[in-house]
Number of protein chains: 2
Amino acid sequence: MKNVPLHIVLVGAGNVATHLAQALAREHRVVQIYSRTAAAAETLAQAIGCSATHQLETLVEDADVYVVSVKDDALPSILPRLKEVNPRALFVHTAGSIPMEIWKPYVQHYGVLYPMQTFSKTKPIDMTQVPFFIEATAPEDRERLYGIARSMSEKVYDATSEQRKMLHIAAVFCCNFTNHLYAMAADLLEKHGLPFEAMYPLIDETTAKIKQLTPYEGQTGPAVRNDISVMQLHTDLLSAYPELQTIYKQLSESIVLHHSPKT
Amino acid sequence: MKNVPLHIVLVGAGNVATHLAQALAREHRVVQIYSRTAAAAETLAQAIGCSATHQLETLVEDADVYVVSVKDDALPSILPRLKEVNPRALFVHTAGSIPMEIWKPYVQHYGVLYPMQTFSKTKPIDMTQVPFFIEATAPEDRERLYGIARSMSEKVYDATSEQRKMLHIAAVFCCNFTNHLYAMAADLLEKHGLPFEAMYPLIDETTAKIKQLTPYEGQTGPAVRNDISVMQLHTDLLSAYPELQTIYKQLSESIVLHHSPKT
């Protein structure tokens, strides 16, 4: 059964909003993009072929769905201004860590559409494989939201606001923090005339292994062996990079602690 | 040109030694496995079909190559005992962070054979894709070593002891530390009834992205957006897990610092 195309307004033009707009536009009609920054709204609107605005007062009022995908800090100032827009429409935000109930004072039909993925504007992504976690109160809102999520992805799950927060924290560890470790390693290698590309096979194997062993079982390296002389050497070598040194020490200590024999 | 099969003794029976023994045995003849622990030596020797020993005094003396792959801490006590074994043989260790020159007082022909990969005994690995970094002083030793490395892998590079140390530190960041972050995330999710498998698409995309954008360019998440309210919320939510909380704070601060506008 093919869904009836919905009219969708996208509030936001950042990384997540950009990828959502493109994915939503495949089955639905994205009618307007809002961004605080006029240029950002224009750029995305042109890519999608719809209108742009940087003034919330000029939001289209007859859309079926309003998807708010902005920095979490900006939500509290935006939501109250959606109050009078359209009482029949469905309003959703895309934030991992903001409870669904933040909508309650303002609109009747609401929910959360959380795509758990790392989005960079210039990197295309296969949205059909992105896990979406959805939440709504009224069953008919949940149905509408499920349909919207399924129009983009094969992987749609229900999650409460509490579960979503934990998913978001786990995602920060698995993606944002690991990526920052890659960035620090790349920087260190560059300073010593070595290519970061040399790390690819190691990185690929590390992520392949966690699908066969648990990450706990698959832990390797000086810390899990409690190889004190290597850890000391590395710490000494990193004395020129105090920030890396601190992170090296702390993560090594944490590994030692997690893997030391229980008494 | 096919290499003449060499007779190889493997000193060590840990994760690296296990995978090396199997890879070396394809073109060469692994004749003996030593491990301090008799059972470990036996297990690996049986898998390879060679003899085992837990006494260095009984090492085979007519092998062509001695590969020492033990915990770095153990090297200083083992190397002196290889002094009289075989003056014509090539001696190599496999440690990222131990200089080649550690061999100098003891043997004539020596070098380093460093496979930069994460090895777990129970996880098979395609050794042909593992980058090997080699080092030797005498050109003929370097040739022998290059041949041995190429018999296992398509990716063999020269690296000085200094470069190898930096590669090892970078590998700790890219593999051991990221894996520990996965383990901590898995633990957190499990405690909240959520499957770690939900993270796979995110993890895969994170590592795919660093091959198209630099990790610095591809950084996403609350810290790079300086989304203070999310970071505060996460820190509060992690108050039941002080270790995760500390790591969350420190890595977030580091991301903020690296990505704040330069003045």
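Predicted model only: the values in this text are computed from it and were never measured.

A. Highlighting the interface of chain B and chain A. Counting residues at the interface gives 91 residues for chain B, matched by 91 residues for chain A. Between chain B and chain A, roughly 8800 Å² of surface is buried when both sides are summed, and carbon and sulfur atoms account for 69% of that area. Contact with chain A buries surface across chain B, with Lys-123, Met-166 and Phe-173 of chain B losing the most and accounting together for 8% of the total. The interface formed by chain B and chain A includes 4 salt bridges.

B. Expanded view of unusual backbone geometry. Here the phi dihedral of Asn-226 of chain A falls at roughly 50°; this positive angle occurs in a residue that is not glycine. Summarising the element assignment, Asn-226 of chain A is placed in the loop between helix H6 (200-209) and helix H7 (228-237).

C. Up close: H7 of chain A. The complete set of buried residues in H7 of chain A reads Val-230, Met-231, His-234 and Thr-235 of chain A. Buried residues of H7 of chain A fall within an arc of 135° about the axis and therefore sit on the same side. Those residues of H7 of chain A hidden inside the fold are in contact with helix H8 (242-259) of chain A together with helix H5 (161-191) of chain B.

D. Region of the structure containing the pattern of salt bridges. In this structure the tally under the stated criterion is 20 salt bridges over all chains. When the shortest N-O distance is used, the salt bridge between Asp-227 of chain A and Arg-225 of chain A registers 3.6 Å. Lys-165 of chain B is paired through a salt bridge with Glu-162 of chain B; the nearest N and O atoms lie 3.3 Å apart. Taken together, the residues Lys-165 of chain B and Glu-162 of chain B, both in helix H5 and 3 residues apart, mark about one turn of the helix. Accessibility expressed as a relative area gives 11% for Lys-165 of chain B, which makes it buried. Through salt bridges that share partners, Arg-142, Glu-143 and Asp-158 of chain A make up one connected network.

E. Seen up close, the environment of Met-116 of chain B. Locating Met-116 of chain B in the fold gives a position in the loop between strand S6 (109-115) and strand S7 (132-136). If we ignore the near neighbours within four places in the chain, the residues touching Met-116 of chain B are Ala-198, Met-199 and Leu-202 of chain A together with Val-130, Pro-131, Phe-133, Leu-167 and Ala-171 of chain B.

F. Broad picture of the pairing of strand S6 (residues 109-115) of chain A. All names here are of chain A. With respect to burial, S6 is a largely interior element, 7 of its 7 residues being buried. Burial along S6 is two-sided: the residues His-109, Gly-111, Leu-113 and Pro-115 and Tyr-110, Val-112 and Tyr-114 are all buried. Direction of pairing for strand S5 (residues 90-93) relative to S6: parallel, over a ladder of 4 bridges. Pairing of Phe-91 across the sheet is with Tyr-110, part of S6. Note: S6 against strand S7 (residues 132-136), 5 bridges, orientation antiparallel. Residue pairing in the sheet places Val-112 in a bridge with Glu-135 of S7.

G. Inspection of empty space enclosed by the protein at higher detail. A full pass over the atoms with the stated rule returns 3 cavities of 30 Å³ or more. Of the pockets and cavities examined, the largest cavity occupies roughly 40 Å³. Lining the largest cavity are 13 residues, with Gly-221, Pro-222 and Ala-223 of chain A together with Val-172 and Asn-176 of chain B positioned closest to its centre. At the level of elements, H8 of chain A together with H5 of chain B are the ones that each hand at least two residues to the lining of the largest cavity. In terms of residue class, the lining of the largest cavity is made up of 8 nonpolar, 5 polar and no charged.

H. Up close: the sheet that holds strand S3 (residues 51-53) of chain B. Residues and elements named next belong to chain B. Spatially, S3-S2-S1-S4-S5-S6-S7-S8 is the arrangement adopted by the 8 strands of the open sheet, whose pairing is mixed. Looking at which strands have only one partner, the edges of the open sheet turn out to be S3 and strand S8 (156-158). With direction set aside, neighbouring strand axes in the sheet form an average angle of 25°. Of the pairings in the sheet, the one linking strand S1 (residues 7-11) to strand S4 (residues 65-68) comprises 4 bridges and is parallel in character. Residue Ile-8 lies in a different strand from S4, and its bridge partner there is Val-65. Its contacts with the sheet place helix H4 (residues 139-152) against S4, strand S5 (90-93), S6, S7 and S8, and it is angled at close to 165° to S7.

I. Quick peek at the sheet that holds strand S1 (residues 7-11) of chain A. Residues and elements named next belong to chain A. Strands sit in the order S3-S2-S1-S4-S5-S6-S7-S8 across an open sheet of 8 strands; the sheet is mixed. Strands with a single pairing partner mark the edges of an open sheet, and in this sheet they are strand S3 (51-53) and strand S8 (156-158). Across this sheet, the average inter-strand angle for adjacent strands is 25°, counted without regard to direction.

Analysis parameters
Residues numbered from 1 in each chain as written. Chains lettered and ligands numbered in written order. Predicted model: local features only at pLDDT ≥ 70, side-chain atom pairs only at ≥ 80, totals over all residues. Heavy atoms only, no water. Contact = heavy atoms within 4.5 Å. Buried area = accessible area lost by both parts, 1.4 Å probe. Salt bridge = Lys/Arg side-chain N within 4 Å of Asp/Glu carboxyl O. Helix = DSSP H or I, 4+ residues; strand = E, 2+ residues; numbered from the N terminus. Buried < 20%, exposed > 50% of the residue type's maximum accessible area, 1.4 Å probe, protein only. Arc of directions from axis to C-beta. Pairing = 2+ DSSP bridges. 1 Å grid on protein atoms, 1.4 Å probe; cavity = no way out; pocket = protein on both sides within 12 Å on 5 of 7 lines; lining within 4 Å. Points joined across faces, edges and corners; volume = space filled by probe spheres on them. Nonpolar A, V, L, I, M, F, W, Y, C, P; charged D, E, K, R; others polar. Axes fitted to C-alpha atoms, helices over the stretch in contact; angles between N-to-C directions.

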